[in-house]
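Coordinate inspection notes
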Amino acid sequence: MTTDAGEMSLTVDELAARAGVTVRTVRFYGSKGLLPPPVIGPRRVGRYGARHLARLALIEELQRQGMTLAAIERYLGQLPSDLSAYDLAIHRAVVASWAPDSVETLSRPELDRRAGRVLADEELERLAAAGVLVTGDASDTEAAGGEEDGFRVDTGLLRLGLELLDVPLSQGTILAAREVLMEHSRAAARELARLFRGEVAERDTRDVRDLSAHIHPLVVQALLTTFQRSLREELSELLSGEGPSGG
């Protein structure tokens, strides 16, 4: 749920459902200091916000990378305590780039559970159009627990796709934006690969693999940072009135 001011305000049950974890997991992370305490509201009910959800997503992503609890504590301990949900999402995007593509077959109830709500058919169509999921075939359906509407879900894109459902943009605009990002990211990847090719030409296979593993997250972080700054500048110009509505 959200407050009148538009701030996300979730109970521990709602937070766990949105994050796709159990309430016990949320409380465990809180007891370890990995998750900030909730804001205590009326009737002593703890309320969680967007920063809690983003931080929880980052913790789960770090776990998927195989990091131990102690390593996660060290990683989070190096981050500023006042990072916004947006900044935490950037960190999660960088961490997620370390992993290979991950596709799972989910039943409709499990997909709804991870979304934190029952998804309407129209929302499923938007997620499919964005490449986040596809309807499973017969074997996928059986693997998903016998449901007639099992889905093959790109779990790396799922959270982003769910967040886009709440963005007040038309599906056409979102899909066009996706095409722009795909086109330019592929072009950037090709150019970077061309630049690095000369550096690895004389190295053996193991050295090349180690170098790739080291460079990959660094390049992704650099791209995210430069794109973030460029987009902020463009949006600032738009909001300052220099766009079509600026008179």
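Residues numbered from 1 in each chain as written. Predicted model: local features only at pLDDT ≥ 70, side-chain atom pairs only at ≥ 80, totals over all residues. Heavy atoms only, no water.

**Some details on a nonpolar patch on the surface**
Residues Leu 181, Phe 227, Leu 231, Leu 235, Leu 238 and Leu 239 make up a contiguous nonpolar surface patch of roughly 600 Å² in combined accessible area. When residues in the nonpolar patch are grouped by element, the largest group, 5 residues, is from helix α11 (residues 205–242). Examined against the element boundaries, Phe 227 turns out to sit in helix α11. (Patch = residues over 30% accessible without salt bridge, like charges linked within 9 Å, V, L, I, M, F, W, Y side chains within 5 Å. Areas by Shrake-Rupley, 256 points an atom, 1.4 Å probe, with all protein chains shown as cover. Salt bridge = Lys/Arg side-chain N within 4 Å of Asp/Glu carboxyl O. Helix = DSSP H or I, 4+ residues; strand = E, 2+ residues; numbered from the N terminus.)

**Quick notes on helix α7 (residues 121–129)**
Three or four residues apart is the spacing at which side chains of an α-helix point the same way, because the helix has 3.6 residues per turn. Within the sequence span of α7, burial applies to Glu 123, Leu 124, Arg 126 and Leu 127. One face of α7 carries all of its buried residues, which in axial projection span an arc of 160°. Summarising the geometry of α7, the exposed residues directed more than 90 degrees from the buried face are Asp 121, Glu 122 and Glu 125. Looking one or two residues beyond α7, the residue adopting positive phi is Gly 131, at roughly 80°. (Buried < 20%, exposed > 50% of the residue type's maximum accessible area, 1.4 Å probe, protein only. Arc of directions from axis to C-beta.)

**Let's talk about the environment of Arg 24**
As for its position among the elements, Arg 24 is in helix α2 (residues 23–31). Note: C-alpha distance between Arg 24 and Val 12 (12 residues apart in sequence) is 9.5 Å.

**Comments concerning the nonpolar core**
Membership of the largest hydrophobic core comes to 24 residues, with the highest contact counts inside it found for Leu 15, Val 26, Leu 56, Leu 58, Leu 62, Tyr 75 and Leu 76. Of all the secondary structure elements, the ones that give two or more residues to this core are α1 (12–19), α2, α3 (50–64), α4 (69–77) and α5 (85–96). Among the elements that line this core, the one with the most residues is α3, at 6 residues. With near-sequence residues (within four places) excluded, Leu 15 lies in contact with Leu 10, Val 26, Leu 35, Tyr 48, His 52, Leu 53 and Leu 56. Among the nonpolar cores identified, the runner-up in size contains 14 residues, and Leu 111, Leu 119, Leu 124 and Val 132 belong to it. (Core = buried A, V, L, I, M, F, W, Y, C linked by side-chain atoms within 4.5 Å. Contact = heavy atoms within 4.5 Å.)

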